[in-house]
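Breakdown of the fold
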Amino acid sequence: MTLLNIVTDVKFWVLIGLILGLTVGFDHPDAGTILMLVLIVQMTLSLDGLAFRKEDFKDDAKGILINVVCCFVINTGLTLLTGLFFIEDTALWYGWVMLSAVPCGVSVVSAALLMKGNTKLAVLSLTVIYLVALGLTPMITHLLIGSAVSPLEVLRYILMFILIPFILTIPLKRLHLPRIPKVIGINLMMMFMIFIGLGSRREYIFDEPQVVMWIIVGCLLRIFAFSIVFTLLLKKMNVERGAAITYISMGFWKNSGMATSMCMALLVAVYPSSVLPCIISLVTEAAWFAILNALVKKIWPAPVEDLLATTN
């Protein structure tokens, strides 16, 4: 494996983040603010180059609606169902609620590209989902967390995490960044998120290993087990493969980085362990994508014409 293959592999950066977070730690009073800046940089790089026409929304209306349902019904529902097993621990329950309330990760577009899915549908759905999140994320947190977090504060952070990256992509487009530097930059930001999120709660992780293990089990069930069943179900139903890839991504990939940042900003002062479901989900999703990519190639390979289109 060449050096370029290593630095463009997200698993490498996830591993570095895990090692640094658990060994060095990140005990900094402004950890939440630093994490927010890291997330904004990552989202800006991820959104760079995305383009669509207004007419596309009408043409792909059905697929977009299904993806919204996958994100805020299937994904949110499974996350809340997992969180119910931790409801007696208020801090952990609040963390699961925050994770359930955020939209899907922007990397769903990369997933569609790498797994030969419908990239245009992924871009359009992502745009609509983030607009829907402006209303749904504050509403979900208010209904399930109540006065512990102000819905206006949640809305403020959601606006910041959505609008700032979209605005920053305007001047960024003029730089015409090549794909490789962007991939390295996105992965580097992922490493920093894991390092900061885990590192800031290192003592709790070592003090409560059994609780952390159960959170990992919950994330594995929510993400791995159900996504495999969902993939096989879509294939059996003869759903068009390109669209199905986006349904799978939106249905199981949360913006765990956003949830982690919001927990750090709004909850950890009173509920320090609330960030754990979010940061563990972030690590699990990175591993899930690598494994799912390989699994889908075996159980549901792309049509030959799609493969030829990507190589020509």
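For the structure, see preceding data.
All of the points below concern the structure found in this document.

Each value, and the rule that gives it
- Residues numbered from 1 in each chain as written.
- Predicted model: local features only at pLDDT ≥ 70, side-chain atom pairs only at ≥ 80, totals over all residues.
- Heavy atoms only, no water.
- Salt bridge = Lys/Arg side-chain N within 4 Å of Asp/Glu carboxyl O.
- Helix = DSSP H or I, 4+ residues; strand = E, 2+ residues; numbered from the N terminus.
- Contact = heavy atoms within 4.5 Å.
- Core = buried A, V, L, I, M, F, W, Y, C linked by side-chain atoms within 4.5 Å.
- Buried < 20%, exposed > 50% of the residue type's maximum accessible area, 1.4 Å probe, protein only.

Remarks on the pattern of salt bridges
A complete count under the given rule lists five salt bridges for this structure. Two residues, Lys 182 and Asp 48, come together in a salt bridge whose shortest N-O distance is 3.2 Å. A residue pair is termed long-range when its members are at least 10 positions apart, and Lys 182 in helix 10 (residues 179-199) and Asp 48 in the loop between helix 3 (31-47) and helix 4 (54-59) qualify at 134 residues. Linking Glu 153 and Arg 156 is a salt bridge whose minimum nitrogen-to-oxygen distance equals 3.0 Å. One end of the pair is Glu 153 and the other is Arg 156, both in helix 9 (residues 151-173) and three residues apart, which spans about a single turn.

Section: the environment of Val 268
In this fold, Val 268 is placed in the loop between helix 14 (256-266) and helix 15 (276-299). In sequence terms Val 268 and Leu 232 are 36 residues apart; their C-alpha atoms lie 39 Å from each other. Residues contacting Val 268, with those up to four places away along its chain left out, are Arg 201, Cys 263, Ser 274 and Val 275.

Details of the nonpolar core
Leu 126, Tyr 130, Met 258, Met 262 and Trp 288 are the most contacted members of the largest nonpolar core, which totals 96 residues. Ranked by the residues each element gives to this core, the list is headed by helix 15, at eleven residues. Each residue touching Met 258, except ones within four places of it in the same chain, is listed here: Leu 39, Met 43, Val 102, Pro 103, Tyr 130, Ile 158 and Phe 161.

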